[in-house]
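# Commentary on secondary and tertiary structure
Residue strings, one per chain:
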Amino acid sequence: MSRGVILLAAGGTGGHLFPAEALAHELIERGWQVHLATDRRAERYSGHFPAAEIHSIASATLGSKNPIAMLSAFWTIWQGVRQAGRVIARIRPEAAVGFGGYPTLPPLYAATRRKVPTLIHEQNAVMGRANKALASRVDAIAGGFLPEGARAAGAKTVTTGNPVRPQVLEAAKAPYAASNDGEPFRFLVFGGSQGAQFFSDAVPAAIALLPEAQRKRLVITQQARAEDVARVKAAYANLGVDAQVSPFFTDMAARMAAAHLVMSRSGASTVSEIAVIGRPALLVPYPHALDHDQAANAAALAAAGGAEVHPQSTLSAERIAALVGGLIEDPGRLVAMAAAARSAGKPDAARLLADLTEAIASGKTVSDYRRTRA
């Protein structure tokens, strides 16, 4: 028998949905029924989301300075609040948990108006705009990289880490194995929906500059935008490099575990998964990220020794070739980076976040929760 309903709300990108999915699995194992509120963009990710129901809620981004566009966005959000209110009245959740992105605004705002206990989870080291808008209204704030007592959140913040999906925890069971002279070297490159074009342009050009002996060892998995896939595949084929190129990989966790080196953007979920699985990484923060949150996320893993951070503006094809080629020839350094990355991982984040969710659902405050942890 279900213990009750927990409503999760997440923006329609993988960075928001993946930690929500991880919490959903943990809550379901504890006997809760989980519902998901999101927007239409989530369809490509949400097919396997373990929710009893998925509710598509109207929302909009408050990014324009145009007064008409702003009015339109506020109207859409208000329509979403009314939609979400009807959903909440029907499913009667014990708590609502938001994972950031503007699609969380209507469900969480509606939940606070109906006195449903609420919690937001901020994946990044810098709080996003949607979560900032909700921070003063919710009962608790969980942080992936956000420190407890963060200025914007006051005393309501609890550092839980970022929940990772069961596939990531399964992949983390595989130890890092170095690639020695002559052995295949698996190189994973991915950039997320906003960052794959740079890698599509720069990485094949860099691989072309490597010595032939290194190119022959490479086995590349690269995420690329749909419009870039054909040219990236062709570039690697012309170089004689074994490469799989696709807009999306459903088994990304397994591919990360198989990799000897990862090159990626540094969204919160990406950095958290690299750390839990424990793989050495070259992190390239998305330079146009709001509030420079990716740079802050990358810095956290680099400080532990698990990654190198390289601003995109510094990465010519020649520089990437030097970085990758140097690491191919230094398996000992990669082994040390992998161990350092794993030491920074929080594989129990989903459990900690579920504990906090249950505490808030039962009417406890963050102070109550902290006393039970002490």
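Residues numbered from 1 in each chain as written. Predicted model: local features only at pLDDT ≥ 70, side-chain atom pairs only at ≥ 80, totals over all residues. Heavy atoms only, no water.

### Observations concerning the nonpolar core
One finds Phe187, Ile207, Leu218 and Met263 to be the most contacted residues of the largest nonpolar core, which totals 33 residues. Looking at this core, the elements that each hand over two or more residues are β8 (185–190), α7 (196–208), β9 (218–223), α9 (229–239), β11 (261–264), α13 (317–328) and α14 (331–343). When residues of this core are assigned to their parent elements, the largest contribution, seven residues, is made by α13. Look past the residues within four positions of Leu218 in its chain and what remains in contact with it is Phe185, Phe187, Ile207, Leu210, Val241, Asp242 and Ile328. (Core = buried A, V, L, I, M, F, W, Y, C linked by side-chain atoms within 4.5 Å. Buried < 20%, exposed > 50% of the residue type's maximum accessible area, 1.4 Å probe, protein only. Helix = DSSP H or I, 4+ residues; strand = E, 2+ residues; numbered from the N terminus. Contact = heavy atoms within 4.5 Å.)

### Description of the pattern of salt bridges
Close approach of charged atoms allows side chains with opposite charge to pair. Applying the stated rule across the entire model yields 17 salt bridges. The salt bridge involving Arg351 is made with Asp355; its shortest N-O contact spans 3.5 Å. Of the two residues, Arg351 and Asp355 both sit in helix α15 (residues 349–361), four residues apart, roughly one turn of that helix. In this structure, the salt-bridge partner of Arg371 is Asp368, at a minimum N-O distance of 2.5 Å. Highlighted residues: Arg371 and Asp368, both in helix α16 (residues 366–373), separated by three residues, approximately one helical turn. Overall, Arg371 belongs to the exposed group, its relative accessible area being 57%. Given the relative accessible area of 24%, Asp368 is considered partly exposed. (Salt bridge = Lys/Arg side-chain N within 4 Å of Asp/Glu carboxyl O.)

### As for the packing of helix α3 (residues 67–91) against helix α4 (residues 105–113)
Helix-helix packing: each pair is described by the crossing angle between the helix axes and the interaxial distance. Across the interface, α3 lies against α4 with an axial gap of 8 Å and an inter-helix angle of 55°. The angle between the axes of α3 and α4 places the two elements in the oblique class. Crossing angle aside, the handedness with which α3 passes α4 is right-handed. Contacts between α3 and α4 involve Ile77, Trp78, Gly80, Val81, Ala84, Gly85 and Ile88 from the former and Leu105, Pro106, Pro107, Tyr109, Ala110, Ala111 and Arg113 from the latter. Of the residues that constitute the contact of α3 with α4, the class distribution is eleven nonpolar, two polar and one charged. (Axes fitted to C-alpha atoms, helices over the stretch in contact; angles between N-to-C directions. Parallel < 35°, antiparallel > 145°, perpendicular 65-115°, else oblique. Left-handed = near helix turned anticlockwise from the far one by under 90°. Nonpolar A, V, L, I, M, F, W, Y, C, P; charged D, E, K, R; others polar.)

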